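Below, each chain spelled out in residue letters.
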Amino acid sequence: MSKTQLFDLDGKIAFVSGASRGIGEAIAHLLAQQGAHVIVSSRKLDGCQQVAEAIVAAGGKATAIACHIGEMDQIGAVFARIQEEFGRLDILVNNAATNPQFCNVLDTDLSAFQKTVDVNIRGYFFMSVEAGKLMRANGGGSIINVASINGVSPGAYQGIYSMTKAAVINMTKVFAKECAQFGIRCNALLPGLTDTKFASALVKNDAILNSVLQQVPLKRVADPKEMAGAVLYLASDASSYTTGVSLNVDGGFLS
Ligand SMILES: NC(=O)c1ccc[n+]([C@@H]2O[C@H](COP(=O)([O-])OP(=O)(O)OC[C@H]3O[C@@H](n4cnc5c(N)ncnc54)[C@H](OP(=O)(O)O)[C@@H]3O)[C@@H](O)[C@H]2O)c1
């Protein structure tokens with residue numbers, strides 16, 4: 001009996017935003033381990049190059065490309081480069097997001113509101129549009145949006161961030177419905193509290209951490225690597241009949 005090929009990504013080109021650290025880095029490593037050529041991206045090229053070098057040192061294929069997903073001209077430039085260098089894109093993981101202001105919703109300032117919307121909604125949307133065009137030209141692909149449990153149940157003092165994550169969940173259904181005809185699937189990952197720089201203010205504060213963990217049946221925060229397996233499932237043929245779903249990887253928080 002031979003092992004399943006359902007999770008193989010040999011010959012696939014995958015783009016992971018926010019891949020210089022945290023959840024995106026773990027995703028980039030696993031997709032590369034399964035055979036994809038991974039484009040490792042974030043705003044700062046240095047961090048991406050380190051991750052890409054580690055992937056190559058482990059025998060994988062990776063290229064580092066900087067792209068600020070809140071800047072429309074950078075989105076245009078990165079897809080022009082993907083078209084030129086690779087001629088195709090099979091997997092897009094929209095993972096980079098921002099959460100610049102922790103405050104009561106009444107204290108939200110306009111610049112934090114605008115930045116959060118520009119990156120978390122407009123960025124995910126136009127990355128998906130550009131990726132979708134390449135995928136359509138090539139017969140299909142898989143888009144995975146890293147949303148959050150906050151998109152279902154808003155986190156305290158994370159009002160605008162939570163709203164943008166709810167938009168990402170709806171965006172996932174929009175692309176799933178309208179792009180299925182092109183062979184493109186689109187699904188969302190909803191991580192629970194995960195030990196990264198992004199969540200350090202919550203994870204490193206014992207009082208906040210203990211109160212959050214009371215609502216987590218598994219009673220611990222996630223390791224970034226625990227998000228990557230779900231993304232591999234959604235990226236690969238193992239999920240060929242799955243589109244438009246939100247996959248909770250949250251230790252049971254939303255159950
Ligand atoms: N950690 C959690 O508890 C948690 C829970 C639920 C959902 N999530 C979601 O998981 C995703 C990843 O978060 P994380 O915890 O892994 O964060 P992280 O460790 O802080 O990493 C964020 C990554 O995004 C990049 N980035 C930030 N802003 C960007 C921008 N405008 N354009 C392009 N890249 C950008 C960063 O690199 P540069 O600085 O070089 O740009 C970095 O690579 C996010 O969508 C977040 O909302 C996280």
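Calculation criteria
In this numbering scheme, every chain counts its residues from 1 along its sequence in written order. Where totals are concerned, whole chains, interfaces and linings use all residues; where local detail is concerned, this predicted model gives features only for residues with pLDDT of at least 70, and gives and counts side-chain atom pairs only at 80 or more. The side-chain numbers reported here are obtained from all heavy atoms of the structure, hydrogens and water having been left aside. UniProt positions are given in the numbering used here, feature names are shortened, and annotations may be inferred rather than shown by experiment. Only DSSP runs of H or I with at least four residues qualify as helices, and only runs of E with at least two residues qualify as strands; both kinds are numbered from the N terminus onward. Should any heavy atoms of two residues lie within 4.5 Å, those residues are counted as being in contact. The set of buried Ala, Val, Leu, Ile, Met, Phe, Trp, Tyr and Cys residues whose side-chain atoms join them within 4.5 Å is what this entry labels a nonpolar core. Under the scheme applied here, a residue whose accessible area is under 20% of the maximum for its type counts as buried, over 50% as exposed, and between as partly exposed, the area being computed with a 1.4 Å probe on protein chains only. In this analysis an axis means a line fitted to C-alpha atoms, helices contributing only their contacting stretch, and an angle means the value between N-to-C directions, from 0 to 180 degrees. What sets the label is the angle itself: under 35 degrees gives roughly parallel, over 145 gives roughly antiparallel, 65 to 115 gives roughly perpendicular, and the rest give oblique. For any pair of crossing helices, the crossing counts as left-handed if the nearer helix is rotated counterclockwise from the farther one by less than a right angle, and right-handed if it is rotated clockwise. We call Asp, Glu, Lys and Arg charged. Ala, Val, Leu, Ile, Met, Phe, Trp, Tyr, Cys and Pro are nonpolar, and the rest, Gly among them, are polar. In short, DSSP must find at least two bridges between two strands for them to pair. Every crossover in which the path from the first strand over the helix to the second runs clockwise, viewed with the strands pointing away from the viewer, is termed right-handed. Nearness of a residue to a molecule or strand requires only that one of the residue's heavy atoms be within 4 Å of it. Pairing of N or O atoms within 3.5 Å defines a polar contact, subject to two protein rules: one partner must be a possible hydrogen donor and the other a possible acceptor, and residues neighboring in sequence count only if both atoms are side-chain atoms. Each accessible area is a Shrake-Rupley result for a 1.4 Å probe, and residues are judged covered by the shown protein chains and nothing else. An expected span of 1.5 Å times one less than the residue number is assigned to each helix.

- Per an unreviewed UniProt entry, the protein is named NAD(P)-dependent dehydrogenase, short-chain alcohol dehydrogenase family, and its organism is Pseudomonas japonica.
- Per UniProt, the protein carries the Sequence similarities (unreviewed entry) text "Belongs to the short-chain dehydrogenases/reductases (SDR) family."

Points about the environment of isoleucine 27
Here is step 1 of the chain: Tracing the chain through its elements places isoleucine 27 in helix α1 (residues 22–33).
Here is step 2 of the chain: Taking the C-alpha atoms as reference, isoleucine 27 lies 26 Å from glutamine 101; in sequence the two are 74 residues apart.
Here is step 3 of the chain: Sequence-distant contacts of isoleucine 27, that is, excluding residues within four places in its chain, are made with Val16, Val93, Asn95, Val146, Ala228 and Val231.

A look at the nonpolar core
Here is step 1 of the chain: One finds Ile27, Leu31, Val40, Phe79, Leu89 and Val93 to be the most contacted residues of the largest nonpolar core, which totals 65 residues.
Here is step 2 of the chain: Look past the residues within four positions of leucine 31 in its chain and what remains in contact with it is Leu9, Ala14, Val16, Ala36, Val38, Ile91, Val93, Leu232 and Ala235.

Concerning the packing of α1 against helix α2 (residues 45–57)
Here is step 1 of the chain: As a packed pair, α1 and α2 sit with axes 10 Å apart at the nearest point and diverge in direction by 30°. When the interaxial angle is binned, α1 and α2 end up roughly parallel. Pair α1 / α2 crosses with right-handed handedness. The segment α1 lies against α2, with Glu25, Ala28, His29 and Ala32 engaging Val51, Ala54 and Ile55.
Here is step 2 of the chain: Partitioning the contact of α1 with α2 into residue classes produces five nonpolar, one polar and one charged.

Structural notes on the pairing of strand β6 (residues 184–191)
Here is step 1 of the chain: Burial within β6 is extensive, with eight of its eight residues counted as buried.
Here is step 2 of the chain: Both strand β5 (residues 141–146) and β6 contribute to a ladder of six bridges, which runs parallel. Across the sheet, the residue bridging to isoleucine 144 is asparagine 187, located in β6.
Here is step 3 of the chain: What joins β5 to β6 is helix α5 (residues 159–179), and the crossover it makes is right-handed.

Notes on the site of the ligand
Here is step 1 of the chain: The ligand sits among 30 residues. The nearest are Ser20, Arg43, Asn95, Tyr161 and Thr196.
Here is step 2 of the chain: One of the side-chain N or O atoms of serine 20 is found 2.6 Å from an oxygen atom in the ligand.
Here is step 3 of the chain: Contact distances for the ligand include 3.3 Å between an oxygen atom and a side-chain N or O atom of tyrosine 124.
Here is step 4 of the chain: Contact with the protein chains covers 96% of the free accessible surface of the ligand, which is 900 Å².
Here is step 5 of the chain: Sorting the residues of the shell around the ligand by element identifies α1, α4 (110–137) and α5 as the ones contributing at least two each.
Here is step 6 of the chain: Its residues assigned to classes, the shell around the ligand shows 15 nonpolar, ten polar and five charged.

Re the environment of proline 217
Here is step 1 of the chain: Position of proline 217 among the secondary structure elements: in the loop between α7 (206–213) and α8 (225–235).
Here is step 2 of the chain: Judged by relative accessible area, proline 217 falls into the exposed class, the value being 51%.
Here is step 3 of the chain: Sequence separation between proline 217 and alanine 54 is 163 residues, and the spatial gap between their C-alpha atoms is 34 Å.
Here is step 4 of the chain: In contact with proline 217, other than residues within four places in its own chain, are Gly251, Gly252, Phe253 and Ser255.

A few points about α1
Here is step 1 of the chain: Helix length check: α1 (twelve residues) gives 17 Å between terminal C-alpha atoms against 16 Å at 1.5 Å per residue, within 8%.
Here is step 2 of the chain: Of the residues trailing α1, glycine 35 is marked for its positive phi of about 110°.

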